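# Understanding the architecture of this molecule
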Amino acid sequence: MSHDLKSHLAELMRAALLSVAPTESATSIHIERPKQAAHGDFSCNLAMQLARSIKRNPRQLAQLLVSELPYSVLVDTAEVAGAGFINFRVSAAAKLEVVRSILEQGDAFGRSTAGDRRKVLVEFVSANPTGPLHVGHGRGAAYGDSLCKLLDFAGWDVTSEYYVNDAGRQMDILAVSTWLRYLDLCSPGAEHLPFPANAYQGDYVRDMARQLFAAHAGRYLRPTASICDGLAGLPDGARTDAAAAQQREAHLDSLIVKARHLLGEEWTYLHDFVLTEQLADCRGDLEESGVHFDIWFSEQSLFSIGLVARCVERLEKSGHLYVQDGARWFRSTAFGDEKDRVVQRDNGLYTYFASDIAYHLNKYERGFQRIINVWGADHHGYIPRVRGAISALGLDPELLEVALVQFAVLYRSGWKAQMSTRSGDFVTLRTLREDVGNDACRFFYVLRKSDQHLEFDLDLAKSESNDNPVYYIQYAHARVCSLLGLWGGEQKTLTAAQLELLDSPHQLALAARLGGFPEVVETAASELAPHLIAFYLKDLAAEFHSYYNAERILVDEPALQCARVALAAAVRQVIHNGMAILGVSCPESM
RNA sequence: GCCUCCAUAGCUCAGUGGAUAGAGCACUUCCCUCCUAAGGAAGGGGUCGCAGGUUCGAUUCCUGCUGGGGGCGCCA
């Protein structure tokens, strides 16, 4: 309704503009909601925009525009204020009508057709399946999922996708880490290989080793001597220099080569086992968080179908590649990147970048009108080369949008918690959800603008969870549910309420706030900013609580009672719709 | 060094071309014989990091500076 009000006012202003200054008919007309109630329900700054080109005093111009404004039953007053604003007051009836719309449209209120059911792909989380998701991943998950729901609400045909990095070195490291733990279990007490500091340290690795041992006993056991034979050496444990680090990585790589060689076919089983385990854990975790993916896309599949090789070939043919130092490079500097990038190493293996080019080619070939990557902010330097590769393949790089999500930093007892999967020192998303609860967790994650660092104070969230704004909003919802229960009537009858009886400032303010929901959805969707929904809901809940304390809703007079219950029910509905976008539940009682 | 995000109340953060810059927490007072007090009402608290520029108008846009997070691999 308010949507209609806004465009209605824009049309009135357009008519006035044509009459006052026909030569300026191309000027865009902005109708906004003033921050202060004293400035009316809507305002327009057209006179100030025009003042310069027409060379007239903005206030006089505004006065002229007002006098040329066509009559409308919806508008009570239009007056000039400030430096040349035109402030509108719309009739109470026009404002209140939104209550009926909300009750009639229910869960669909606020939905728009802006997206025109065009296909959009949203890829997010895509964490390596090398360990449990931690609180950093949680933010990407909450943001991405809310973004999907938001875009769906705004009329897009959304597909959510998780890119599974199941083909890289990290997976090999995880497999070999598990194998080493397993070897210890096979021969307890015996002298065993030292567990490398740069292998995966987490307890979940030991858990997988135990499972492996329980199911297969000594099947993957190989003599220690055969493993050690020809292994790259380790530097002194105390050394922290770059050369030592490089040596440690080389040691790990030679362990992987050794494991492959000694285990043969069984290495594949081991590799698949750890992948399946971690993916299942990750998937379960996300499902419990209410985060759903339509597609789990395997990086390995890109190699299997030969798309990576074909992609590189295609770039080769179009002259975007060259060979140097034995490696094959993509000339990304031709597309604005700061340096060229390797796509194929001197040992013949493709880099992660090569498979990512193939992945993006595949995304384009699936026919999306819009492709959104939700990436951690640490990937920002990666954007130019991907865009470059897309351009080099003759595709439109503008189709790809990258939404960068800044880090979530977790504070425990006033100390910043580390977040490294390899070192095993991290707080898992699962732990966080168990401590804080899923609703508070998801709400907290989207309560910050995504390009803003998020400070997640675990102790505060745990100890003072009652202060969490999520409860404030849920409480408003529960209060209405309680009212509806006490009222006891048939909700369908509320659409027939005499809304004009709602004439107090509190009620009109609430109606105006409710009317703003579709605009908030629209803005949030176009800016990929679900946090705007969260802030809107806080404001709506505040307005409702204030009203609830100031006026009685279940009054004796039947018509008035019906109108007030209808308003409360509309508040409940909009909170419900907004929370659904955020993936947060709305309990009926608290 | 280069790239990028950021700097707004004591703290955590909204607002991003408009009129007197907002919220929560914390602090000071009030309000349950009354529809859930996980609530409400009132109050104090700010040179919107600094300096220029564009504009009728800048916390918002541009440039520089200062301070902070992150990134700059033939890792993924």
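Notes on the structure in this doc start here. (Residues numbered from 1 in each chain as written. Chains lettered and ligands numbered in written order. Predicted model: local features only at pLDDT ≥ 70, side-chain atom pairs only at ≥ 80, totals over all residues. Heavy atoms only, no water.)

### Focus: helix α12 (residues 307-317)
For α12, the full list of buried residues reads L307, V308, C311, V312 and L315. End-on, the buried residues of α12 take up no more than an arc of 135°, which puts them together on one face. On its buried face, α12 is in contact with α11 (299-304), β8 (321-324), β9 (327-330), α13 (352-365) and α14 (383-392). With its phi angle positive at about 75°, G319 sits one or two positions after the end of α12. (Buried < 20%, exposed > 50% of the residue type's maximum accessible area, 1.4 Å probe, protein only. Helix = DSSP H or I, 4+ residues; strand = E, 2+ residues; numbered from the N terminus. Arc of directions from axis to C-beta. Contact = heavy atoms within 4.5 Å.)

### Quick look at the nonpolar core
Most often, soluble globular proteins have nonpolar side chains that are buried together. Counting 129 residues, the largest nonpolar core has V122, L151, W179, L514 and F544 as the members making the most contacts within it. With 14 residues, helix α22 (residues 558-582) is the single largest residue contributor to this core. Mapped onto the domain boundaries, this core takes at least three residues apiece from domain 2 (169-278) and domain 3 (466-582). Not counting the four nearest positions on each side in its chain, L151 is found in contact with V120, V122, W156, V158, R370, I372, A525 and L528. Core analysis: the next-biggest nonpolar cluster, separate from the first, contains 30 residues, L315, I357, A358 and Y364 among them. (Core = buried A, V, L, I, M, F, W, Y, C linked by side-chain atoms within 4.5 Å. Domains from an automatic or database assignment.)

### A look at the pattern of salt bridges
Inspection of every chain in the model, using the stated rule, returns 24 salt bridges. With a closest N to O distance of 2.8 Å, R100 and E97 form a salt bridge. Taken together, the residues R100 and E97, both in helix α4 (residues 92-105) and 3 residues apart, mark about one turn of the helix. Residue classification places E97 among the partly exposed residues on the basis of a relative accessible area of 30%. For E123, the salt bridge goes to K363, with nearest N and O atoms at 2.7 Å. Highlighted residues: E123 in strand β5 (residues 119-123) and K363 in helix α13, separated in sequence by 240 residues. A relative accessible area of 5% means that E123 is categorised as buried. (Salt bridge = Lys/Arg side-chain N within 4 Å of Asp/Glu carboxyl O.)

### Brief notes about the pairing of strand β12 (residues 400-405)
Across 6 bridges, the pairing between strand β11 (residues 370-376) and β12 is parallel. Along β12, the bridge assignment pairs I372 with E401. With α14 bridging β11 and its parallel neighbour β12, the resulting β-α-β unit is right-handed. (Pairing = 2+ DSSP bridges. Right-handed = clockwise from strand over helix to strand, strands pointing away.)

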